[in-house]
Amino acid sequence: GRAADKLFSLSGLFAVRKPKGPTSAAVLNLLKERLLAEAGVQTNGNKRNQVLKIGHGGTLDSAATGVLVVGIGKGTKMLGTMLAGSKKYTAVGMLGKATDTLDATGKVTEEKPYDQVTKGDLENVLQKFTGDIMQVPPLYSALKKDGERLSTLMKRGEAVEAKPARPVRVYSLSLQQFQPPLFTLDVECGGGFYVRSLVNDIGKELSTCATVQELTRTKQGPFTLEEHALHEDKWTIDEIARSLEHCTALLPAGPSRKKLKTEHPGETAVICE
């Protein structure tokens, strides 16, 4: 039908607002189901004559919310540039507690006093984490060992060695609010950066500990949460078509450097950091 034709002709990059709770992959699957259902495409048989190519340009943690860049059709080939590009986050950290996941979903592994920490202390420490810095990524992450995600291995109870520290870039880092034990940061960073690791490292640097309570990605590449990210009620063929037109103007011209990795043809292609 016409809806199916329109769906399979969609091509480019757009952004959705990821809600708190589901994984980025689950959000993508839900989006895909919605679109195929609206187009009236049967997905229960294996004999899919047309495969809807869809992928995202960088995992957001389950507990995190905000901009998730989505590629559809030929747009999936452009997702690599999104991974490498700059991103903005607003994070609420909590002093005095550490968890195994470095966020509020994990088990508390340590508690320390934090009353000695002043707003000035926190602001001074932020300078150490601005610019080109070395960062150890979290054990609970989408990074892989022997083809399996570290978070999957951790949940199975397997011993996982920490990945070595790697260079990451922080363009800007500022303290928005300080209401101990809570503090709010605005961060603009490059690819492969983990806000959870940042908050954990800040805690250690202040001789206490800290964990992420809330994390929102407010911008990825040219896509902002306020202006471009489609809320769940707008996950329709027409809204996405409109959004693709609006968003194409934001993107740099030219082919993408990174090729899309697909696990199995016909499966959702997901590119993760």
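Computed from a predicted structure; not experimentally measured.

**Quick notes on the overall build of the protein**
Line of reasoning, step 1. Of regular secondary structure, the protein possesses 7 helices and 14 strands.
Line of reasoning, step 2. Sorting the 273 residues of the protein into buried and exposed places 46% on the buried side.
Line of reasoning, step 3. Contacts in the protein between residues at least 24 apart in sequence constitute 73% of all its contacts with a sequence separation of at least 6.
Line of reasoning, step 4. When the accessible surface of the protein is summed, it comes to about 13,900 Å², and 50% of that surface belongs to carbon and sulfur atoms.

**Section: unusual backbone geometry**
Line of reasoning, step 1. Following Pro 180, the chain continues into Pro 181 via a peptide bond in cis, with omega recorded as 10 degrees.
Line of reasoning, step 2. Here Pro 181 shows up in the loop between strand 10 (166–179) and strand 11 (182–189).
Line of reasoning, step 3. Its identity as a non-glycine residue notwithstanding, Asp 146 has a phi of 50 degrees, on the positive side.
Line of reasoning, step 4. Structurally, Asp 146 is set in the loop between strand 8 (144–145) and strand 9 (148–149).

**Re the UniProt feature "domain: tRNA pseudouridylate synthase B C-terminal" (unreviewed entry) in the protein**
Line of reasoning, step 1. What UniProt calls "domain: tRNA pseudouridylate synthase B C-terminal" (unreviewed entry) maps, in this numbering, to residues 196–231.
Line of reasoning, step 2. Helix and strand shares over residues 196–231 are 28% and 42% respectively, and the end C-alpha atoms of the span are 25 Å apart.

**A word on the pairing of strand 1 (residues 12–18)**
Line of reasoning, step 1. Judged by how many residues are buried, strand 1 sits mostly within the fold: 6 of 7 residues are covered.
Line of reasoning, step 2. In the sheet, strand 1 pairs with strand 3 (residues 65–72) via 7 bridges, with the strands oriented antiparallel. Residue pairing for strand 3: Arg 17 is matched across the bridge by Val 67.
Line of reasoning, step 3. As defined by bridge partners, strand 1 adjoins strand 14 (residues 229–230) across 2 bridges and the pair is classed as parallel. Each bridged residue has a counterpart across the sheet, and for Val 16 the counterpart in strand 14 is Leu 230.

**Let's talk about helix 2 (residues 24–39)**
Line of reasoning, step 1. Given a rise of 1.5 Å per residue, 16 residues ought to cover 22 Å, and the 23 Å separating the end C-alpha atoms of helix 2 matches this to within 8%.
Line of reasoning, step 2. Those residues of helix 2 that sit buried are Ser 24, Val 27, Leu 28, Leu 31, Lys 32, Leu 35, Leu 36 and Ala 39. Axial view of helix 2: buried residues confined to an arc of 165 degrees, hence all on one face. Exposed and facing more than 90 degrees away from the buried side of helix 2 are Glu 33 and Ala 37.
Line of reasoning, step 3. Residues of helix 2 that are buried in the fold lie against helix 1 (2–9), strand 1, strand 2 (54–56), strand 3 and helix 7 (237–248).

Parameters at a glance
- Residues numbered from 1 in each chain as written.
- Predicted model: local features only at pLDDT ≥ 70, side-chain atom pairs only at ≥ 80, totals over all residues.
- Heavy atoms only, no water.
- Helix = DSSP H or I, 4+ residues; strand = E, 2+ residues; numbered from the N terminus.
- Buried < 20%, exposed > 50% of the residue type's maximum accessible area, 1.4 Å probe, protein only.
- Contact = heavy atoms within 4.5 Å.
- Areas by Shrake-Rupley, 256 points an atom, 1.4 Å probe, with all protein chains shown as cover.
- UniProt positions renumbered as here; feature names shortened; annotations may be inferred.
- Pairing = 2+ DSSP bridges.
- Expected span 1.5 Å × (residues − 1).
- Arc of directions from axis to C-beta.

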